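Residue-level listing of the chains:
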Amino acid sequence: MNCKVHFYLLNDDFSVEHAEANHDGKESENNRMHEWEDELNITTNVQGMEMHEGASYPLQGQYPDGKDFHFDIENMRLFELKGDQQTILGCSESLYDSHEWIEEADGFILKVSLKDYEPLTNPIPGMYFTAQEFPKELIF
């Protein structure tokens, strides 16, 4: 089945009270619930999802000079999409706020909300790290 993944950065300034008093509890142009949304469409067959708390994510690749690197990023909240091909998505635990896994007749939807408390980086689609946990060796 197909799967859509949505990452939302929560707006720390969103006022629930203002939304309830003026907009039937919904966000408005001047009171946005999210700062941004990132949507991914998983193109491989997905059959389910398993979440891993406090996990380690192996970040590996090559420097511009061709030399290999490998870093284990600790304290990650990972979402493993099970199916024809394993797909791993996630965020630093300190960024994680909540998630929702929705099963529909034609596929799945994963919604992940991220906290707006500290700077983050997104070097890989579907993977969000706090700036302080990202390896300093990879910042040029």
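Residues numbered from 1 in each chain as written. Predicted model: local features only at pLDDT ≥ 70, side-chain atom pairs only at ≥ 80, totals over all residues. Heavy atoms only, no water.

Break down the nonpolar core for me, citing the residues and quoting the values.
The biggest cluster of nonpolar side chains holds 18 residues, and the ones touching the most others in it are Cys-3, Val-5, Phe-7, Leu-81, Val-112 and Leu-114. Elements supplying a minimum of two residues to this core: β1 (2-10), β2 (34-42), β4 (68-83), β5 (87-92) and β7 (107-114). The residues contacting Leu-114, other than those within four sequence positions of it, are Phe-7, Tyr-8, Leu-9, Leu-10, Trp-36, Cys-91, Leu-95, Asp-97 and Tyr-128. Formed by 13 residues, the second largest nonpolar core is a distinct cluster that contains Leu-59, Phe-71, Met-76 and Phe-134. (Core = buried A, V, L, I, M, F, W, Y, C linked by side-chain atoms within 4.5 Å. Buried < 20%, exposed > 50% of the residue type's maximum accessible area, 1.4 Å probe, protein only. Helix = DSSP H or I, 4+ residues; strand = E, 2+ residues; numbered from the N terminus. Contact = heavy atoms within 4.5 Å.)

Any details on the pattern of salt bridges? Residues and values, ideally.
For the structure on display, the rule yields 4 salt bridges. We note a salt bridge from Arg-77 to Glu-53, for which the minimum N-O separation is 3.6 Å. Of the two residues, Arg-77 is situated in strand β4 and Glu-53 in strand β3 (residues 46-62); the sequence distance between them amounts to 24 residues. The class for Arg-77 is buried, based on a relative accessible area of 9%. A salt bridge links Glu-93 to Arg-77, with the shortest nitrogen-to-oxygen separation between them at 3.0 Å. Of this pair, Glu-93 sits in the loop between β5 and β6 (96-104) while Arg-77 sits in strand β4; the two residues are 16 residues apart in sequence, bridging distant segments of the chain. (Salt bridge = Lys/Arg side-chain N within 4 Å of Asp/Glu carboxyl O.)

Got a sec to walk through the sheet that holds β4? Specific residues and values, please.
Strands sit in the order β3-β4-β5-β9-β8 across an open sheet of 5 strands; the sheet is mixed. Since the sheet does not close on itself, it has two edges, and those belong to β3 and β8 (120-124), each with one partner. Averaged over neighbouring strand pairs, the angle between their axes works out to 35° when direction is ignored. Bridge count between β5 and strand β9 (residues 127-130): 2 bridges; the pairing is parallel. Opposite Gly-90, over in β9, you have Met-127 as the bridge partner. (Pairing = 2+ DSSP bridges. Axes fitted to C-alpha atoms, helices over the stretch in contact; angles between N-to-C directions.)

Spatial relationships are all this shows, so hold off on functional conclusions.
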